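Architecture and fold: a report
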Amino acid sequence: MPKRRRSSTGEHGALPESKRTRTRHPLDRLSELSDELLVRILHNLPIASLLDCQRLSHRFHTLAGDAQIWKNLYYNRFVLPRALRIPGIRTVPADDVLHFSSRSSKWLDKNTLVNRVDGKETNWKGQYKLRHNWSIGACAAQEIHLADQPAVPSLLVRLAEGVVLTASKEDGLRAWNLKVKELIAKCDLDDLVPTCMDVDEQECSRGELDIAIGLMDGGWGLWRLNIEEKAFSRTYKHAASSNGSLSAIACFYPYTLTSTNGQVLSLYNFTHKPLEESHEQTECPEDELYTAFPNSKMQESGTLTGKSEPHLLASLRSHTSWPPLSLAIRKTSSTIIASIAYSMPTYLSGYTIGLQELHLSPETGTITSSRLASAISQGFHSIVPPTSPTTPPSPNPPRSEPNQRTPSHESGSSPKPTSLSYSHPYILATHPDNTLSLYLCTSTASLLSISPGTKLWGHTSSVSAAEITARGKAVSVSTRGNELRIWELEGSILNTSLSSTRKRRSSEKSVQIRAEKRTGDVGGGYYDEEEVGARKQWVGFDDEMVIVLKESIRGAQALIVYDFT
């Protein structure tokens, strides 16, 4: 193609202006530094300055968000203070190597945050923001509508791996994905009436959850949820029993622990069959709280799919324990421990907490020993005030002053708990008098003990439910009203004193959640789900969210999701 001739009229025309050259301020010396030096400088800035630096330019936005900077901030604020509470940590020689392990948690576990199995890099700024939001109670809230009518019996809810599981006679077993707030799986229970539920998370790394459900007819069943395939499958169904409706269940494959309303405890094993000639191994001493129940009519037959038939290891009955109770199964380096935490009435101090442990052999699957402990102080304390043997009692004893406190059972009295949460080594009980009680369990090869309860103040109305983890983090919710509190209780076992100082210290360990409305909601400001007559029946949480089950005065049920991310 011939070259186009240049117009004579444009020969002396103005040429387009060149792009503006970037100029630096004469005092700008930072732009000349390398990225490595700038990151080193940014390490010394406070968080507010780091956030301001990210607004300067694309370069500083990347440098101020460097993973090493936020990883250092995360460990200095959230990990180091906890590590310093380890006994003897400050006196360890510098050349000694410390090995500290904890339960799987995104907040401390090195394998989760540093050496991730999925190969992805940890967003340390996001992790810092998550923990910061927890510390101040800042989150966003949304509701997931479940049903228009109340379930009879109450709807069961559990939270595991970002999935909420609900079970009821009307709607069956359902699974909700909290990330997208949608229903991902559902299956019918064939007119079975669920009364209790537990989730086994041992296979969560494979995207599977095992759900154990106790039934009103005394039977129980196991279901498996495949999160990727979004499908339920029933793996076992145990036959009904004449011992009564199940009130609690715990599952840790291959063991399942159940308890009835009549306080009959049954322990099953899916892999090992106990020796018929060694029945004494399944019986507990007569001085234990839960003693052998030889006349049990529990049937051992059931329908199974993919699992071997379970064997009944022990059937025990208690005549002195009271609901609520909490069942748990945990694994140690040398044994399997099935635990029963329960409430029990006392003569002077209202209700207290007891704990029984059944130790199981990993090789044979049979019970090797049983231990019992309670929070009742040892020793005898007379209810009669001491008097001098030489001085007869005065017929007109002096009246105490209004502000003088007389020793009585009211100073240490605890009303009957409304709920009980046990995650070794902590037991957390909620009470209708606006308080909680915290107990610390010590379980060694030769000792099982429970510390006296520590009262926790902070709620302004009756506490209906609470949940605690093995690292001492807890969430509690009031029965009515918009009050949800977060507790950091690790290392906070205090003397059980009713002084105002103790009350202030315990209330300082909790933060009230203040949830903001999600973007797109009508209106703005804080989320307020308070409704006249609405009741909060259950609370659960993981590393990122808190879930509360709410029932309105008309019976409609919904899940309130508090997202801290």
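Residues numbered from 1 in each chain as written. Predicted model: local features only at pLDDT ≥ 70, side-chain atom pairs only at ≥ 80, totals over all residues. Heavy atoms only, no water.

**Observations concerning the sheet that holds strand S17 (residues 336-345)**
Rules: Should DSSP find at least two bridges between two strands, the strands are taken to pair. Secondary structure is summarised from DSSP: a helix means a run of H or I of at least four residues, a strand means a run of E of at least two, and numbering begins at the N terminus for each. Axes here mean lines fitted to C-alpha atoms, for a helix over just the part in contact, with angles spanning 0 to 180 degrees between N-to-C directions.
Spatial ordering of the open sheet is given by S16-S17-S18-S19, a layout of four strands whose pairing is antiparallel. Looking at the sheet topology across the chains shown, the edges are occupied by strand S16 (322-331) and strand S19 (367-374). Averaged over neighbouring strand pairs, the angle between their axes works out to 15° when direction is ignored. When S17 meets strand S18 (residues 351-360), the two strands line up antiparallel, connected through 10 bridges. When the bridges of S18 are listed, Ser343 appears paired with Ile353.

**Remarks on unusual backbone geometry**
Peptide bonds are mostly trans, and most non-glycine residues show a negative phi. In this chain, Tyr253 is followed by Pro254 through a cis amide linkage whose omega measures 15°. Summarising the element assignment, Pro254 is placed in the loop between strand S10 (246-252) and strand S11 (255-260). Between Pro323 and the following residue, Pro324, the backbone shows a cis peptide bond with an omega angle of 0°. In this fold, Pro324 is placed in strand S16.

**Here we look at the packing of helix H4 (residues 67-83) against helix H6 (residues 124-136)**
Operational definition: Roughly parallel here means an angle under 35 degrees, roughly antiparallel means over 145, roughly perpendicular means 65 to 115, and every remaining angle is called oblique. Should the near helix be turned counterclockwise from the far one by less than a right angle, the crossing is left-handed, whereas a clockwise turn marks it as right-handed. In what follows, residue pairs with any heavy atoms lying within 4.5 Å of each other are defined as contacts. Gly falls in the polar group here, along with every residue not listed as nonpolar (Ala, Val, Leu, Ile, Met, Phe, Trp, Tyr, Cys, Pro) or charged (Asp, Glu, Lys, Arg).
One way to put it is that H4 packs onto H6 with a least axis distance of 8 Å and a crossing angle of 30°. Regarding the angle of H4 to H6, the classification is roughly parallel. H4 and H6 meet at a crossing whose hand is left-handed. In contact with Ala67, Trp70, Lys71, Leu73, Tyr74, Tyr75, Arg77 and Phe78 of H4, H6 contributes Trp124, Lys125, Gln127, Tyr128, Arg131, His132 and Ser135. Residue composition of the contact of H4 with H6, grouped by class: eight nonpolar, three polar and four charged.

**Thoughts on the sheet that holds strand S4 (residues 172-177)**
Picture the strands of a sheet paired through backbone hydrogen bonds; they go either parallel or antiparallel. The four strands lie next to each other as S2-S3-S4-S5, forming an open sheet whose pairing is antiparallel. Since the sheet does not close on itself, it has two edges, and those belong to strand S2 (156-160) and strand S5 (182-187), each with one partner. Shown here is a sheet whose adjacent strand axes are inclined to one another by a mean of 20°, direction ignored. Relative to S4, strand S3 (residues 163-168) runs antiparallel, the two sharing six bridges. Bridging from a neighbouring strand, Leu165 pairs with Ala175 of S4.

**Quick look at H4**
Defined as follows: Given a residue, its bend is the angle between the two axes fitted to the seven residues that end at it and to the seven that start from it. Any pair of nitrogen or oxygen atoms within 3.5 Å is treated as a polar contact; in protein, a donor-acceptor pairing is required on top of that, and neighbouring residues in sequence qualify only through side-chain atoms on both sides.
Of all the bends in H4, the greatest measures close to 40° and is centred on Asn76. By the N-cap criterion, in which a side-chain oxygen at the helix start approaches the backbone nitrogen of a residue two or three places on, H4 is capped by Asp66, the distance to Gln68 being 3.0 Å.

**Concerning the pattern of salt bridges**
Condition: Should a side-chain nitrogen of Lys or Arg be within 4 Å of a carboxyl oxygen of Asp or Glu, the pair is scored as a salt bridge. Note on exposure labels: buried denotes an accessible area under 20% of the residue type's maximum, exposed denotes more than 50%, and partly exposed covers the range between, all computed with a 1.4 Å probe on protein chains only.
The final tally for this structure, using the stated rule, is 14 salt bridges. Ionic pairing is found between Arg55 and Asp52, a salt bridge with its closest N-O pair at 3.9 Å. The partner of Arg485 in a salt bridge is Glu483, and the shortest N-O contact between them spans 3.6 Å. In this pair, the class of Arg485 matches that of Glu483, namely buried. Each of Glu208, Asp210 and Arg224 takes part in salt bridges that share partners, so that together they form one network.

**Comments concerning the confidence of the model for the protein**
Operational definition: Note: pLDDT gives the predictor's confidence per residue, expressed from 0 to 100.
Here the protein averages 79 in pLDDT, while 71% of its residues score no lower than 70. Low pLDDT, under 50, characterises residues 96-111; the stretch is placed with 36 contacts to residues that sit more than four places away or in other chains. Taken together, the stretch residues 380-384 has pLDDT below 50 and engages in two contacts with residues farther than four places along the chain or on a different chain.

**Regarding the pairing of strand S20 (residues 419-423)**
Where burial is concerned, most of S20 is hidden: five out of the five residues are buried. Neither face of S20 is open: one carries Ser419, Ser421 and Ser423, the other Leu420 and Tyr422, and all of them are buried. Summarising the sheet, S20 and strand S21 (residues 426-430) pair through five bridges and their orientation is antiparallel. Residue Leu420 lies in a different strand from S21, and its bridge partner there is Ala429. The turn joining S20 and S21, which pair antiparallel and follow one another in sequence, is formed by two residues.

**Points about the pairing of strand S25 (residues 463-468)**
When you tally the buried positions in S25, you get five out of six residues, the bulk of the element. Of the strand pairs in this sheet, S25 and strand S26 (residues 473-478) are connected by five bridges, and their pairing is antiparallel. Residue pairing for S26: Ile468 is matched across the bridge by Ala474. Taken together, S25 and the strand that follows it, S26, pair antiparallel across an intervening segment of four residues, in which Gly472 is found at a positive phi of about 85°.

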